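Architecture and fold: a report
Chain residues, written in single-letter form:
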Amino acid sequence: MARTSDRYPGVEWIGDTGAFITIDENRCTGCGNCIKVCLGRCFEMEKKLARIKSLAECMECASCWYVCGEEAISFRWPPGGTGYRSDWG
Ligand code: SF4
Ligand code: SF4
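Everything quoted here is computed from the prediction, not taken from an experiment.

1. Things to note about the pairing of strand 4 (residues 43-46)
- As defined by bridge partners, strand 4 adjoins strand 5 (residues 49-52) across four bridges and the pair is classed as antiparallel. Residue pairing across strands places Phe43 opposite Ile52, the latter belonging to strand 5.

2. Notes on the pattern of salt bridges
- For the coordinates displayed, the defined rule picks out five salt bridges.
- Arg85 is the partner of Glu12 in a salt bridge, and the nearest nitrogen-oxygen pair spans 2.3 Å. Pair noted here: Glu12 is in strand 2 (residues 11-13) and Arg85 is in strand 7 (residues 85-86), with a separation of 73 residues, a long-range link.
- Of the residues examined, Glu12 reaches a relative accessible area of 23% and is grouped as partly exposed.
- One connected set of salt bridges, linked through shared partners, spans Glu44, Glu46 and Arg51.

3. What about the environment of Glu44?
- By secondary structure assignment, the location of Glu44 is in strand 4.
- Here Glu44 falls in the partly exposed class, since its relative accessible area comes to 27%.
- Separated by ten residues in the primary sequence, Glu44 and Cys34 place their C-alpha atoms 9.1 Å from one another.
- When sequence neighbours within four positions are dropped, the list of residues in contact with Glu44 reads Ile35, Leu49, Ala50, Arg51 and Lys53.

4. Looking at the site of ligand 2
- Ile21, Cys38, Cys42, Phe43, Cys58, Met59, Glu60, Cys61, Ala62, Ser63, Cys64 and Phe75 make up every residue found near ligand 2.
- Its residues placed into classes, the shell around ligand 2 shows ten nonpolar, one polar and one charged.

Calculation rules
Residues numbered from 1 in each chain as written. Chains lettered and ligands numbered in written order. Predicted model: local features only at pLDDT ≥ 70, side-chain atom pairs only at ≥ 80, totals over all residues. Heavy atoms only, no water. Pairing = 2+ DSSP bridges. Helix = DSSP H or I, 4+ residues; strand = E, 2+ residues; numbered from the N terminus. Salt bridge = Lys/Arg side-chain N within 4 Å of Asp/Glu carboxyl O. Buried < 20%, exposed > 50% of the residue type's maximum accessible area, 1.4 Å probe, protein only. Contact = heavy atoms within 4.5 Å. Near = heavy atom within 4 Å. Nonpolar A, V, L, I, M, F, W, Y, C, P; charged D, E, K, R; others polar.

Structure below.
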């Protein structure tokens, strides 16, 4: 059964893909870039460091990985993807 979100009409996710994004807290400087770019609101700040709140609405865009200048974020597409699908592609 696909999951949907009222915040994103036309988007659905299938499956539970686990921790396919991780943050190395020893590298994170708390710059907040990942939080600013994430459409899925997957991150939050805790004790001045980014942490993953939930990947349930991750859209597999890899923007968090791209904007992290400290290389603190590890990103890999889970096998088969998260099942993220949208009405527009
Ligand atoms: S972009 Fe990288 S360094 Fe900046 S808060 Fe996020 S994980 Fe930390
Ligand atoms: S891949 Fe995109 S949607 Fe997923 S956590 Fe990173 S910035 Fe957010």
